[in-house]
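In case you want the letters, here they are:
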Amino acid sequence: MKRFIENLPKAELHLHIEGTFEPELMFKIANRNSIEIPFKSVKEIKDAYQFSCLQDFLNIYYQGANVLQTEEDFFDLTYSYLTKCNEQNVRHTEIMFDPQTHTKRGIPFQTVINGIVKAQEQAKSKLGITSLLIMSFLRHLSEEDAFKTLEESLLYKNKITCVGLDSSERGNPPSKFKNVYAKAVELGYIPVAHAGEEGDSDYVWEAIDILKIKRIDHGNNALQDTNLVQEIIKRDIALTVCPLSNSALKVVENLEEHPLKEMLNLGLKVTVNSDDPAFFGGQLNKNYIEIQKALNLSKKDMYTLAKNSFQFSFLDEYTKQKYLTELETYYQKNCATTTS
Ligand code: ADE
Ligand code: ZN
């Protein structure tokens, strides 16, 4: 099973580039930029990655991002992640970035996006990996601030596919960003948002009804409301679920209690993702492997998850079909005749 998962062609749809910042690279970039970080060793950083909730994690996550200063830093960060995609048979990835985490510290939007885009281009030409960008607004900041970020993004509009919403969920409902999402949609961005990670099902309702999102990041708490589940299915909206993240941030007590199988059984379109792999103990394949073991998922389930990852990507139809055909061939060859 492990080998089957490792070789399975797949896409990642929920990934924060700042959350891929491995301690080794953090030290390297901190030294290069002569920035002090409050840790003496890689081990000390890793030991600090014990979280009791989302906010606990976000405090450390923003601290780590402080060392990123130059275009080269953003290139190195992004290319390092894309190399890992290559090693894991991740064919396509939809990368979130948080401009405000950097512009708030005086790093120009242009520095951030140019570094990321150069890495995307290099990964496409050297590794054959496709990727697109989701520009996420920080929900603990104001809608006015999000509007400023949206304006700044316009120079790079052809590099960005979606707008997203992340950071501290409780107390910052989707409705807070109603106007900026309406404007972003008018400009041609596809709307997605984190909802139902720590916030209740009401937040998921707001995200689909008010922000009119096309994909839900997390969405675990949608299960609190059967009408909402039916509505999500009816509108054919997928959930980007993050098992190791949910376990690390105590969204679930342990992986055995994770609702992913229940979601599949209800008919929800679920995908598996790593969220912030440097912080939560595993890349994408580890998420597939650990959730398979915890819930005793079949090869067919793993195939369905990978299929959803391509189907609910925002790729053009031609590329999507190309990846789906590759996945189909792999599945037929490796286990279509058995059910487990
Ligand atoms: N930013 C990075 N990871 C996040 C998560 N899991 N939830 C909300 N904001 C985030
Ligand atoms: Zn996330």
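Residues numbered from 1 in each chain as written. Chains lettered and ligands numbered in written order. Predicted model: local features only at pLDDT ≥ 70, side-chain atom pairs only at ≥ 80, totals over all residues. Heavy atoms only, no water.

A.B. asks: What is the right way to read the nonpolar core from this model?
C.D. replies: F97, Y181 and L260 are the most contacted members of the largest nonpolar core, which has 109 residues in total. Setting aside anything within four residues of it in sequence, one finds F97 in contact with I17, E18, F109, V112, I113, I116, L133, I134, M135, S136 and I160. Residues M96, I134, C162 and V192 belong to the second largest nonpolar core, which totals five residues. (Core = buried A, V, L, I, M, F, W, Y, C linked by side-chain atoms within 4.5 Å. Buried < 20%, exposed > 50% of the residue type's maximum accessible area, 1.4 Å probe, protein only. Contact = heavy atoms within 4.5 Å.)

A.B. asks: Would you take a moment to explain the side chain of H16 for this structure?
C.D. replies: Take H16: it is sitting in strand β1 (residues 10-16). A distance of 3.4 Å separates polar atoms of two side chains, one belonging to H16 and the other to H14. A distance of 3.1 Å separates polar atoms of two side chains, one belonging to H16 and the other to H194. Those residues within four positions of H16 in sequence are excluded, and the remaining contacts are Y61, M96, D98, D166, H194, D275 and D276. (Helix = DSSP H or I, 4+ residues; strand = E, 2+ residues; numbered from the N terminus. Polar contact = N/O pair within 3.5 Å; in protein donor to acceptor, adjacent residues only side chain to side chain.)

A.B. asks: What should I look at first to understand the site of ligand 1 in this one?
C.D. replies: Lining the immediate surroundings of ligand 1 are H16, L54, F57, L58, Y61, D166, S167, H194, E197, H218, D275 and D276. Residue H218 places a side-chain N or O atom 3.4 Å away from a nitrogen atom belonging to ligand 1. Separating a nitrogen atom of ligand 1 from a side-chain N or O atom of D275 is a distance of 2.7 Å. In isolation ligand 1 offers 260 Å² of accessible surface; the protein chains occlude 100% of this area. Class assignment of the residues belonging to the shell around ligand 1 gives a composition of four nonpolar, four polar and four charged. (Near = heavy atom within 4 Å. Areas by Shrake-Rupley, 256 points an atom, 1.4 Å probe, with all protein chains shown as cover. Nonpolar A, V, L, I, M, F, W, Y, C, P; charged D, E, K, R; others polar.)

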